[in-house]
2 protein chains.
Amino acid sequence: MPLLRVFPVLGVIVMVFSATMCVPLAVAWLMQDGAVRAFPLAIAATFALGLALRSAVFVVGRNVELQTRDGILLVGLVWTLLPFCASFPLLIHFAQEGTHFSFTDAYFEAMSGLTTTGATVLTGLDALPGSINLWRCFLQWLGGMGILVLAVAILPMLGVGGSQVFRAEATGPMKEAKLTPRITETAKGLWSVYCGLSLACALAYWLGGMSALDAWAHMFTTMSLGGLSTHDNSFGYFASPTLEWIAIVFMLIASGNFALYFVAVAKRSPARIVHDQEWRGTQVLLVGGSVFVAILLLARGVITDPLDALRTALFNVVSIGSTTGYATLDYTTWPVFAPLFMILLSGIATSAGSTGAGIKMARVLLLLKQARREMSRSIHPRMVRPVMLSGHAVDNGTLLSVLGFMLLYGGTIIGLTMTLLLSDMPFDTAFSAVVASVNNMGPGLGPVGPAGNFQGLSDFQTWVCTLAMLLGRLEILSFLVLFTPGFWRR
Amino acid sequence: MPLLRVFPVLGVIVMVFSATMCVPLAVAWLMQDGAVRAFPLAIAATFALGLALRSAVFVVGRNVELQTRDGILLVGLVWTLLPFCASFPLLIHFAQEGTHFSFTDAYFEAMSGLTTTGATVLTGLDALPGSINLWRCFLQWLGGMGILVLAVAILPMLGVGGSQVFRAEATGPMKEAKLTPRITETAKGLWSVYCGLSLACALAYWLGGMSALDAWAHMFTTMSLGGLSTHDNSFGYFASPTLEWIAIVFMLIASGNFALYFVAVAKRSPARIVHDQEWRGTQVLLVGGSVFVAILLLARGVITDPLDALRTALFNVVSIGSTTGYATLDYTTWPVFAPLFMILLSGIATSAGSTGAGIKMARVLLLLKQARREMSRSIHPRMVRPVMLSGHAVDNGTLLSVLGFMLLYGGTIIGLTMTLLLSDMPFDTAFSAVVASVNNMGPGLGPVGPAGNFQGLSDFQTWVCTLAMLLGRLEILSFLVLFTPGFWRR
Ligand SMILES: [K+]
Ligand SMILES: [K+]
């Protein structure tokens, strides 16, 4: 029974997760913000659930060696169960306040947090207790930690979407053959870089003029490319060019591969970063795309000051393209090319090993190389030239996984869009909501755009978007495989 | 100099093409419809152009053996030059009438004809001379002949998009190693089936109540899955359930692989058709999709009579899904799921070796099989199981070409849509115009939908759609490769 085998580990993860709720509890207690009664209850409930799962150890024994299949199952359970637990503080708080807040909405909000999507069904954020807002943002930062390990250690080991080619850069600390010690080693390295950059980001925001709470909250959602905010007006609330420049820099950093950063730090060689093809691809695409949009805005007279146009374009294009999802204004009023270009970038720009989602730049580079090879082959049919990434030849089987992943990604977007269309949602809203969710980016177009949010969706539509976020975060395949009969056959 | 080497063959093709204009000339002369002076001039100009190209034979000699690269170049030149010649009768006729008709529009209309797209920039079709209408429709039928040879004999030989796997069914008459005799043999077989079915279709339309001219014209655009009509109201003009049923049957037949039909006829084994996986896939998807839409129409109360709903859904879904593009009504007023589902079908439903466009069912089947294999592999990493199509194992290199083609197809749609967005076209119009053009299908959504046409587009937008039709028809790669430096290097 594979389900029971993973329960003890799952239980430990849930119990550790309950401990993270002490952070917003401390804030609530310090600020006396009215949510101080919500967190203890949520912590208790989560811890009890973890303990119950952990008790499966009496059935399966203490020394279960987890297999690949257990790993897939564990990942799927963690990413469906933690949002459930994460919704407890929200549900309890709103119940205590007497405000109606459905389980559908609470689960959506928590999933949007942990998957670093940043879409919200809440309005009146500025009036929410600081601890509740911090919890939403902290969820994204925690989700980011999970994603780093998932992307660098777990998915490549499972070979999902050809991601085994991405770990080339981080092979240093991963000589161990066993699952648990390898993941532990990798996690330590990645998390130290993540925490170091996070401290720098929080400090920069605070020095740039944010309140301490806002600095922490926005650091949480910048480093995780999450994009939730404590204000209804998102980053537009601050109306501060300084803060926008700081955000631009840290969003660009966070769009890179944290395993690459770790190796560069460990080997004291920052040049490695600049020489990495994927890193350069991500930066050139995001900055180059911003410059293009800035020129468009100037040419069409949307913004007249060049520096203003550059900063505004950089902030919004990098924010959407890096799957963060902050906004300083309603960019859907820009010429129609711009918002769709930004949404397109969100699907391809971020690096593997970042907290971003979508196809990832490494896969895009492989696709372009493969396309070039196909072109050559149609002219010189007998020519054999391998596709290279970071100096390693990539075999056809892996390339097939990479291209297959991209098609699965496209198929998921089409399938979920068609599902939303069945509920009579207009095409551009449905399409953009699905893309924004699958890319864990956040805002779409129309009612779900930067000037609106996901509040107006029906329960059915909300669940479709929740599923989209989950699929995007788990690179689709590793979640879908749970629903194949083959997975459950011995 | 590769360009000169192909000119003699190109010249012959252009001269033969000029001869096909005798058909509308004869009609114009019989009907005395006012276009009788347009065709002789067009024939003379086309013939002269062909003769000029043919004269290159004095430079390159008579016995040039064409190589793969010459084949690619020839295909590209044929599909850009013939629309140019095909536009002569239209340009001359409208000039003689004193009506303004730009070269951009004429080239678009001719390209739309020969690529069997069926989008039109003309209104007032019912008032046009019968011979001009017949020429537009005849162009589609001629284009269909070209496509059959292209799809079954030429592209597979060039290995475009993995299409070499599709010819498995038609290996009978293709034992010759040399390019010209092999193509000739294949063409003979395919065209005899095409002509036979065409005669049956024309007869059925005529017996069903169409005038002789309409029967021929609509046969031309049914068998080629072209969809042009002699009436502004398309098939809605006839308001005849009988004719709609006839069209449904022949559109379904024409969505299948003509090489398969030829083998079935040659071996006197109709069972081969039913046993072909791709043929079944195409039919099940088109008919099943129609039934689904019929149920949706009934459930939402759009149509109340079940048989009426079934026929209306079948006609419009099969028409769009098979890339024909006829309409009996404005289906964009149906629940939003239906038109987008139909547009989606147009990208995947038709068989390789039909006159349809898009990704083709064979590639979709390969993708599904590959997806299933990837799923199995993530559970059992060491399992090796080949992907099979029609009983043959497909190697990874070919699969890579197939998946690569699909991504190139997706990339083309995204790239051309973004280009149209730069001209401030609304997203759904731009997206649907590109998809309708790349799939050689015809109508999109909004202004370019079944109730409108492509007349309102700017010149820039018209050229983008013209390029989209050409790219879709030549399976993208075989045209794009002409623009790589590698192609022109010795
Ligand atoms: K986000
Ligand atoms: K068509």
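Note that this is a predicted model, so its numbers are computed, not measured.

What counts as what
Residues numbered from 1 in each chain as written. Chains lettered and ligands numbered in written order. Predicted model: local features only at pLDDT ≥ 70, side-chain atom pairs only at ≥ 80, totals over all residues. Heavy atoms only, no water. Donors = N, O, S within 2.8 Å, 3.2 Å for Na, K, Ca; no water. Helix = DSSP H or I, 4+ residues; strand = E, 2+ residues; numbered from the N terminus. Buried < 20%, exposed > 50% of the residue type's maximum accessible area, 1.4 Å probe, protein only. Expected span 1.5 Å × (residues − 1). Contact = heavy atoms within 4.5 Å. Salt bridge = Lys/Arg side-chain N within 4 Å of Asp/Glu carboxyl O. Polar contact = N/O pair within 3.5 Å; in protein donor to acceptor, adjacent residues only side chain to side chain. Nonpolar A, V, L, I, M, F, W, Y, C, P; charged D, E, K, R; others polar. pLDDT = per-residue confidence, 0-100. Phe/Tyr/Trp six-rings, centres within 6.5 Å; stacked < 30°, edge-to-face > 60°. Lys NZ or Arg CZ within 6 Å of the ring centre and 35° of its normal.

### Brief notes about the coordination of the potassium ion (ligand 1)
All names here are of chain A.
Stage number 1. Protein-derived ligands of the potassium ion (ligand 1) are Thr116 (O), Thr117 (O), Leu225 (O), Gly226 (O), Thr323 (O), Thr324 (O), Asn440 (O) and Met441 (O), with the metal-ligand distances lying across 2.4 to 2.9 Å.
Stage number 2. Mapped onto the sequence, the residues coordinating the potassium ion (ligand 1) show the spacing T-T-x107-L-G-x96-T-T-x115-N-M. One end of the pair, Thr116, is in the loop between α6 (103-114) and α7 (130-158); the other, Met441, is in the loop between α18 (427-438) and α19 (459-473), and 325 residues separate them in sequence. Here Thr116 and Met441 have matching classes, each one buried.

### Some words on helix α17 (residues 396-422) of chain B
Residues and elements named next belong to chain B.
Stage number 1. The terminal C-alpha atoms of α17, which comprises 27 residues, lie 38 Å apart, in line with the 39 Å expected from a rise of 1.5 Å per residue.
Stage number 2. α17 sits mainly inside the fold: 19 of its 27 residues count as buried.
Stage number 3. Just downstream of α17 lies Asp424, where phi reads positive at about 65°.

### Some words on the interface of chain A and chain B
Stage number 1. The interface is formed by 46 residues belonging to chain A together with 46 residues belonging to chain B.
Stage number 2. Put simply, chain A and chain B have two salt bridges between them.
Stage number 3. Note that Arg300(A) and Asp424(B) form a salt bridge whose closest N and O atoms lie 2.7 Å from each other.
Stage number 4. Connecting chain A to chain B are four residue pairs in polar contact (both at pLDDT 80 or more).
Stage number 5. Where the side of chain A that touches chain B is concerned, the elements lending two or more residues are α5 (68-97), α13 (277-299), α15 (337-348), α16 (361-379), α17 (396-422), α18, α20 (477-480) and α21 (485-488) of chain A.
Stage number 6. Ranked by the residues each element gives to the side of chain A that touches chain B, the list is headed by α17(A), at 13 residues.
Stage number 7. By residue class, the composition of the side of chain A that touches chain B is 29 nonpolar, ten polar and seven charged.

### Examining the confidence of the model for chain A
All names here are of chain A.
Stage number 1. Considering every residue of chain A, the mean pLDDT works out to 88; 93% of them sit at 70 or more.
Stage number 2. Per-element confidence in chain A is highest for helix α10 (residues 241-254), whose mean pLDDT is 96, and lowest for strand β1 (residues 387-389), whose mean pLDDT is 77.
Stage number 3. Scored below 50 in pLDDT, residues 168-177 makes 16 contacts in the model with residues more than four places away or belonging to other chains.

### Here we look at the packing of aromatic side chains
Stage number 1. In total, this model carries 66 aromatic pairs over all chains according to the counting rule given.
Stage number 2. Ring centres of Phe235(B) and Phe238(B) lie 5.4 Å apart, and the angle between their planes is 65°; this geometry places the pair in the edge-to-face category. Assigned by exposure class, Phe235(B) and Phe238(B) land together as buried.
Stage number 3. The rings of Phe17(A), Phe39(A), Trp135(A), Phe138(A), Trp141(A), Tyr194(A), Trp216(A), Phe220(A), Phe258(A) and Tyr261(A) are connected pair by pair, giving a single aromatic cluster.
Stage number 4. Seen from the ring of Phe487(A), Arg69(A) lies directly overhead, with NZ or CZ sitting 5.9 Å from the centre.
Stage number 5. Positioned above the aromatic ring of Phe405(A) is the side chain of Arg363(A), whose terminal nitrogen or guanidinium carbon lies 3.8 Å from the ring centre.

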